[in-house]
Amino acid sequence: MTGKTLSEKIIGEHCGREVKAGEVVIVNVDLSYVQDGTGPLTVRRMKEMGLEKAYNPKKTIFFLDHASPSPRMELSNDHELLRDFARKAGITLSDVGNGISHHNSLEKYACPGDIIVGADSHTCTNGAIGAFGTGMGSTDVAAAIALGKTWMKVPETYLVTVNGRLPKGVYSKDIILHLIGSISANGATYKALEFTGDTISDMSTAARSTIANMSVEAGAKAGLFTPDDETRNFLKAMGREEAFRELKSDEDAEFEKRIEINANELEPLIACPHLVDNVKKISEIGKVKVDEVFIGTSCNGRLEDLHIAASILKGHTINPNLRVIVTPASRRVYMEALRDGTIETFMDAGALVTASGCGACDGVHLGILGDGEVCLATQPRNFKGRMGDADSFIYLGNPAVAAATALTGEISDPREVM
Amino acid sequence: MGKAWKFGDSISTDLIAPGRYFHLRSNLPELTKHVLEGARPEFASQVQSGDFVVAGENFGLGSSREHAPTIIKVAGVKAVLAKSFARIFFRNCINIGLPAITCNTDEIDEGDELELDMEKGVVRNKTKGKELDFPPLPPVMNRILQEGGLVAFIKAHKSLEI
């Protein structure tokens, strides 16, 4: 019998037998969560199923992160419904201000080797520490909450090896944009991506989470990293080193495809409107005037991302023709940025800092785009109409590109200001 | 029988159920008034019960929001036909009992009259007098769809065992 991939190992452990890619199995779920956009429907589905109790309430989380705090009465009512149901069922509530589900999950709940299902497509962010996180819809997660199980197909795996040293101004965001641009937005549909190589080993958990997060933008079911010393240190810093365990693909595991990326050759990249795989080198996009710069989200809203942007903005003032909105990913990130002066740097430069959460990314509040407006965002998606008006334009880039753009008022190469 | 509404490639959930109507997610009849608004603004007001959404590659990419397939179903659409589907959207369709059919949609034009035969695995294009085969769903999904979706399935069996 040949060796196993990370996905085959994790899924096998959760259904009590050895599995191979392609099999359909029922697995035990370690952690289930919803957010305020998908949770109300999950609650409704649980009621329709006649199953109003959580199988494991302590490992079931309701995150109020998309409309945080609520900008509309309808959403306030949705929040009340979730708070009330959580209270009655003993489910853990992460209320407004605590930040994005996936980052709270990495900080507090997820463990290497877990199976995590979330009613949010970016649940794959949990792959940063070697947890098999995958996004599903409200009904699937309702079943997982109630039964403690879900069904899934064991995915085939694409092994992505990244070697080399990232040049100045180039970050993990550019690695995943490069990959999506090369294989397309459905280039890994139904597959697991597994990331390895020197560049990955040297990367922080925060930087890995950007890549794990955007794996779904290539269609992938999961984006996995091997838990290593960095993972152990991250969990230790979060006060839960005991959650660490070693787990890796076997040497002779079968990978459906192998993809190699040379980090030395990468440049800052931009995903242009209106698809994430419309990726261009920053040197090739020409002059693009920007109305809003948005720094944050499940993709690039961690302390490291804020540091990258703040180091460029420090001592400067943003261009008067645009607004710069900073949304820390979690309460923890916000607090750390507050203590170390990063928030002050943003405020001094003329940016505004919002409560932690998903922020402007999905067009609910805190930076909705108007007709014809252009945004440069560090978020994972740029679909037409996502951030507001159907005729607005979203460009995606790394946090240094965001900061350089904030200074000039048009999409700018950070290498010129670093 | 129903009429084909043609869409292109990469129809995202932001085009199907835009974030600007996030506050309507608990009000499906109102949200349905905006279904697919980002791709074809006239669709929501003109679609007839029994019509088909016919699209290209990677239909439903993006968010996990189940509201996207749900409002397509609430609008009366019989099935979504596409060359390929995004993973979460596909699974959501089956869970809510909306057939998601993978077939060569180049053979279908706007306004063609279509008939879906799930048992035989064919879409009949009455306008063109052609039949389009489609592959069977994986057994687990077929069973869930046949029983009317995941809620009905779990209500009946109190389990996922199939």
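Residues numbered from 1 in each chain as written. Chains lettered and ligands numbered in written order. Predicted model: local features only at pLDDT ≥ 70, side-chain atom pairs only at ≥ 80, totals over all residues.

Participant: What should I look at first to understand the confidence of the model for chain B in this one?
Facilitator: Should the pLDDT be low somewhere, the predicted coordinates at that spot are not to be read in detail. Of all residues in chain B, 100% attain a pLDDT of 70 or more, and the chain-wide mean is 96. The ipTM, which scores confidence in the relative placement of chains, is 0.97 for this predicted complex, and the corresponding pTM is 0.98. (pLDDT = per-residue confidence, 0-100.)

Participant: Sorry, what's going on with the interface of chain A and chain B here?
Facilitator: Quite often, the size of an interface is put as the accessible area lost when its parts meet. The interface is formed by 45 residues belonging to chain A together with 39 residues belonging to chain B. Where the side of chain A that touches chain B is concerned, the elements lending two or more residues are strand 1 (24-28), helix 2 (39-49), helix 3 (73-89), helix 5 (138-147) and strand 7 (149-153) of chain A. Of the residues contributing to the side of chain A that touches chain B, the split by class is 18 nonpolar, 14 polar and 13 charged. (Contact = placed C-beta atoms within 7 Å. Helix = DSSP H or I, 4+ residues; strand = E, 2+ residues; numbered from the N terminus. Nonpolar A, V, L, I, M, F, W, Y, C, P; charged D, E, K, R; others polar.)

Participant: Please clarify how the nonpolar core should be interpreted in this entry.
Facilitator: Across soluble globular proteins, you tend to see nonpolar side chains buried next to one another. Judged by nonpolar contacts, the single largest core of 189 residues is most densely connected at A:Ile180, A:Ala309, A:Ala406 and B:Val80. Looking at which domains feed residues into this core, each of domain 1 (7-262) and domain 2 (270-416) of chain A supplies at least three. If we ignore the near neighbours within four places in the chain, the residues touching B:Val80 are B:Val53, B:Phe59, B:Ile72, B:Cys93, B:Leu98 and B:Ala100. (Core = buried A, V, L, I, M, F, W, Y, C linked by C-beta atoms within 7 Å. Buried ≥ 20, exposed ≤ 12 C-beta atoms within 10 Å, placed from the backbone. Domains from an automatic or database assignment.)

Participant: Would you take a moment to explain the sheet that holds strand 8 (residues 157-163) of chain A for this structure?
Facilitator: Pairing between sheet strands relies on hydrogen bonds along the backbone, with the strands arranged either parallel or antiparallel. All names here are of chain A. Read across the sheet, four strands follow the order 10-9-8-11 without closing on themselves; strand pairing throughout is parallel. Two strands lie at the open edges of the sheet, namely strand 10 (222-225) and strand 11 (257-262), each paired on one side alone. Mean inter-strand twist for the sheet, computed between neighbouring axes without regard to direction, equals 25°. The pairing of strand 8 with strand 11 spans six bridges and is parallel. Each residue of the ladder has a partner; that of Thr 161, found in strand 11, is Glu 260. Where helix 1 (residues 6-13) meets the sheet, it contacts strand 8, strand 9 (192-196) and strand 10, and its direction lies at approximately 100° from that of strand 10. (Pairing = 2+ DSSP bridges. Axes fitted to C-alpha atoms, helices over the stretch in contact; angles between N-to-C directions.)

Participant: How do you make sense of the environment of A:Arg331 when you look at a structure like this?
Facilitator: All names here are of chain A. Its place among the elements puts Arg 331 in helix 12 (residues 331-339). Looking at Arg 331, the number of C-beta atoms within 10 Å reads 18, which means it is partly exposed. For the pair formed by Arg 331 and Met 418, sequence separation is 87 residues and the distance between their alpha carbons is 29 Å. Setting aside chain neighbours within four positions, we find Arg 331 in contact with Gly 97, Asn 98, Gly 99 and Ser 356.

Participant: Whenever I open this one, the pairing of strand 9 of chain A confuses me. Can you help?
Facilitator: The side chains of a regular strand alternate, first on one face of the sheet and then on the other. All names here are of chain A. Burial analysis of strand 9 places four of its five residues in the buried class, which makes it a mostly covered element. In terms of strand pairing, strand 8 meets strand 9 through five bridges, oriented parallel. Looking at strand 9, one finds that Tyr 158 is bridged to Leu 193. Viewed along the sheet, the connection from strand 8 through helix 6 (residues 172-183) into strand 9 turns out right-handed. Bridge count for strand 9 against strand 10 is four bridges, and the pairing is parallel. Residue pairing in the sheet places Leu 193 in a bridge with Gly 223 of strand 10. (Right-handed = clockwise from strand over helix to strand, strands pointing away.)

Participant: What should I look at first to understand the pairing of strand 5 (residues 113-117) of chain B in this one?
Facilitator: Residue and element names in this part refer to chain B. Strand direction decides the pairing type here: strand 1 (residues 2-6) and strand 5, joined by two bridges, are antiparallel. Its bridge partner lying in strand 5, Lys 3 is registered against Glu 113. In the sheet, strand 5 pairs with strand 6 (residues 122-125) via four bridges, with the strands oriented antiparallel. Among the inter-strand pairings, Leu 116 is bridged to a residue of strand 6, identified as Val 123. If you look at the hairpin formed by strand 5 and strand 6, you'll find four residues sitting between the two strands, and Gly 121 has a positive phi there, around 70°.

Participant: Would you mind showing me how to read the domain arrangement of chain A here?
Facilitator: Residue and element names in this part refer to chain A. Domain assignment breaks chain A into domain 1 (7-262) and domain 2 (270-416). Spacing between the C-alpha centres of domain 1 and domain 2 amounts to 24 Å. Tallying the contact residues gives 34 residues for domain 1 and 30 residues for domain 2. Listing elements by their share of the side of domain 1 that touches domain 2, those giving two or more residues are helix 4 (101-109), helix 6 and helix 8 (205-214). Broken down by element, the side of domain 1 that touches domain 2 gets its largest block of residues, six residues, from helix 6. Tallied by class, the residues present in the side of domain 1 that touches domain 2 amount to 11 nonpolar, 17 polar and six charged.

Participant: Help me out: how do you make sense of unusual backbone geometry in this one?
Facilitator: For residues other than glycine, phi is negative in most cases, and the peptide bonds are mostly trans. All names here are of chain A. The peptide bond linking Ser 68 to Pro 69 adopts the cis configuration, its omega dihedral lying at -5°. Topologically, Pro 69 is positioned in the loop between strand 3 (60-63) and helix 3. In the segment running from Pro 273 into His 274, the intervening peptide bond is cis, with an omega of -5°. Relative to the helices and strands, His 274 is located in the loop between strand 12 (269-271) and strand 13 (279-281). At Thr 297, a position not held by glycine, the phi torsion is positive, near 85°. Within the element layout of this structure, Thr 297 appears in helix 10 (residues 297-300). Since 28 C-beta atoms lie within 10 Å of it, Thr 297 is described here as buried.

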